[in-house]
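Summary of the model geometry
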Amino acid sequence: MTGKMQKEQQINQVGDLASRWATSRVRTIPDFPKKGIQFRDITTLLADAKGFRKAVDELVQPYVGVSIDKVAGIEARGFILGGAIAHQLACGFIPIRKPGKLPYRTIGESYQLEYGEDRLEMHEDAVRSGDLVLLTDDLIATGGTAEAAIKLIRQAGGTVVAACFAIDLPDLGGAQKIRDMGVEVMTLCAFAGD
């Protein structure tokens with residue numbers, strides 16, 4: 001197996017031990033924000049100093065030695081993980097935000113919600129043509145937000161080399177949607193259902 005193939009395999013999987021470890025530090029809140037939803041809360045992971053460090057280390061590890069210019073974090077928990085990942089990889093950080101939150105000129109991408117539409121924005125000069133970008137957020141569910149972020153980065157001329165998330169909800173199909181866009185996906189742990 002070539003070095004590149006080994007790196008690609010490593011990016012696609014996190015070991016069982018790391019996955020069990022991360023899963024044990026995520027709090028589940030039933031019926032939030034509405035009845036029938038099992039909210040996966042990473043604030044318990046972030047509040048644990050060793051847990052937060054281990055989560056960042058696990059998310060960074062597959063990309064050590066990979067040429068990455070920027071890490072893009074999706075509002076808001078993606079900022080927490082993304083800032084720490086960018087620091088560890090010694091690269092810049094890009095906040096991807098909801099409309100009207102950024103002070104400079106922005107570009108945006110709209111995406112569909114279950115009942116309506118939303119939009120993500122970033123500064124028009126956040127990504128330069130040819131930048132290699134790692135996208136991150138706390139959770140991948142249906143993939144609509146991550147898909148919009150990838151389109152936004154590509155619109156600016158960047159290439160999304162991979163997307164990493166603390167949590168995957170595989171039953172909702174978001175990680176596969178992102179893979180179908182040609183972007184590698186790495187997650188720390190997965191929870192069945194929604």
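For the protein chain, the name recorded in an unreviewed UniProt entry is Adenine phosphoribosyltransferase, with Iodidimonas muriae as its organism. UniProt lists a comment for the protein chain under the heading Subcellular location (unreviewed entry), and it reads "Cytoplasm". Among the UniProt annotations of the protein chain, the heading Pathway (unreviewed entry) holds the following wording: "Purine metabolism; AMP biosynthesis via salvage pathway; AMP from adenine: step 1/1."

1. Concerning the pairing of strand β4 (residues 92-96)
Pairing analysis gives five bridges linking strand β3 (residues 70-74) to β4, with the strands arranged parallel. Its bridge partner lying in β4, glycine 73 is registered against proline 95. In this fold, the crossover linking β3 to β4 by way of helix α5 (residues 77-89) has right-handed handedness.

2. Observations regarding the nonpolar core
Core analysis: the biggest nonpolar cluster contains 29 residues, and Tyr63, Ile85, Leu89, Leu134 and Ile167 have the highest contact counts within it. When residues of this core are traced back to their parent elements, those giving at least two are α2 (16-23), α3 (43-47), α4 (49-60), α5, β8 (159-168) and β9 (184-190). For this core, the element with the highest residue contribution is α5, accounting for five residues. The residues contacting leucine 134, other than those within four sequence positions of it, are Tyr63, Ile68, Lys70, Val71, Ala72, Ile85, Leu89, Val161, Ala162, Ala163 and Cys164. With 28 residues, the next largest nonpolar core counts Ile74, Ala146, Leu152 and Ile178 among its residues.

3. A closer look at the side chain of lysine 70
In this structure, lysine 70 sits in strand β3. Judged by its relative accessible area of 15%, lysine 70 falls in the buried class. Among the polar contacts listed, one links the side chain of lysine 70 to the side chain of aspartate 131, at a separation of 3.1 Å. Setting aside chain neighbours within four positions, we find lysine 70 in contact with Cys91, Gly92, Ile94, Ala126, Val127, Asp131, Leu132, Val133 and Leu134.

4. Brief notes about α4
In this model α4 runs 17 Å from its N-terminal to its C-terminal C-alpha over twelve residues, within 8% of the 16 Å that 1.5 Å per residue would give. In this fold, the buried residues of α4 make contact with α2, α3, α5, β8 and β9. At the N-terminal boundary of α4, the capping side chain belongs to aspartate 48, with an oxygen 3.2 Å from the backbone nitrogen of lysine 50.

Thresholds applied
- Residues numbered from 1 in each chain as written.
- Predicted model: local features only at pLDDT ≥ 70, side-chain atom pairs only at ≥ 80, totals over all residues.
- Heavy atoms only, no water.
- UniProt positions renumbered as here; feature names shortened; annotations may be inferred.
- Pairing = 2+ DSSP bridges.
- Helix = DSSP H or I, 4+ residues; strand = E, 2+ residues; numbered from the N terminus.
- Right-handed = clockwise from strand over helix to strand, strands pointing away.
- Core = buried A, V, L, I, M, F, W, Y, C linked by side-chain atoms within 4.5 Å.
- Buried < 20%, exposed > 50% of the residue type's maximum accessible area, 1.4 Å probe, protein only.
- Contact = heavy atoms within 4.5 Å.
- Polar contact = N/O pair within 3.5 Å; in protein donor to acceptor, adjacent residues only side chain to side chain.
- Expected span 1.5 Å × (residues − 1).

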